[in-house]
Amino acid sequence: MYVVLLRFSANKAEAPQHMAGHQDWIRRGMDDGVFLLVGSIRPGQGGAVLATGLTPEALQARVAEDPFVAHDVVTAEVIEVDPNLTDPRLSFLTN
C-alpha cells in the first residue's frame, strides 16, 4: 500500500491548464482499482492518493504519467506502508 503526496510546486499557477488531464489520470487509477482514496491536502497544498496493488516501480511510472507531475505543477512523494492493524471496516487492506 502507498500514500502518494502531490504537493504544489513553483508551477502551481499552471494547474488549470492540466486539470482535465489530471482528473482523467485520477479516474483511470480509480477505474483500474489502484487508487482507493483521492483527496486534497488542506489548506490548498496539493493532493493525496491511497494506492495499492502495484509494485513500487509500477506506481512510480503511473505517478509520472499524471500531467500535474509531468508539467511540474506538483512534486510527488511516494510512501510505502505495510498495514499491520486496521479498523474492521478496512480489514481488506491487510489481506
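Every value quoted in this text rests on a predicted model; they were computed, and no experiment measured them.

For the overall build of the protein, give the residues involved together with the corresponding values.
Within the protein, the regular secondary structure consists of 3 helices and 4 strands. The N-to-C order of helical and strand elements in the protein reads β-α-β-β-α-α-β. Relative to the 2.2 N^0.38 estimate, which gives 12 Å for 95 residues, the radius of gyration of the protein is 14 Å and therefore close to what a compact globule would have. The principal-axis extent of the C-alpha atoms belonging to the protein is close to 40 × 25 × 20 Å. Buried residues in the protein amount to 33% of all 95 residues. Excluding contacts between residues fewer than 6 apart, the proportion of contacts in the protein whose partners are at least 24 apart in sequence is 67%. Only carbon and sulfur atoms are counted for the fraction: they give 54% of the accessible area of the protein, which is about 5,900 Å². Looking at charge distribution, the protein has the averaged site of its 7 positive side-chain charges lying 9 Å from that of its 12 negative ones.

Tell me about helix α2 (residues 56-64), and please be specific about residues and values.
Those residues of α2 lying buried are Leu 59, Arg 62 and Val 63. What you see down the axis of α2 is that its buried residues fit within an arc of 100°, all on one side.

Outline the environment of Met 30, listing residues and values.
With respect to the secondary-structure elements, Met 30 resides in helix α1 (residues 15-31). Placed 21 residues apart in sequence, Met 30 and Ala 51 show a C-alpha to C-alpha distance of 9.2 Å. Residues contacting Met 30, with those up to four places away along its chain left out, are Phe 35, Leu 36 and Val 38.

Criteria and thresholds
Residues numbered from 1 in each chain as written. Predicted model: local features only at pLDDT ≥ 70, side-chain atom pairs only at ≥ 80, totals over all residues. Heavy atoms only, no water. Helix = DSSP H or I, 4+ residues; strand = E, 2+ residues; numbered from the N terminus. Rg over C-alpha atoms; globule rule 2.2 N^0.38 Å. Buried < 20%, exposed > 50% of the residue type's maximum accessible area, 1.4 Å probe, protein only. Contact = heavy atoms within 4.5 Å. Areas by Shrake-Rupley, 256 points an atom, 1.4 Å probe, with all protein chains shown as cover. Lys, Arg positive; Asp, Glu negative; His and termini not counted. Charge placed at Lys NZ, Arg CZ, Asp CG, Glu CD. Arc of directions from axis to C-beta.

Remember that the coordinates give geometry; whether it matters functionally is a separate question.
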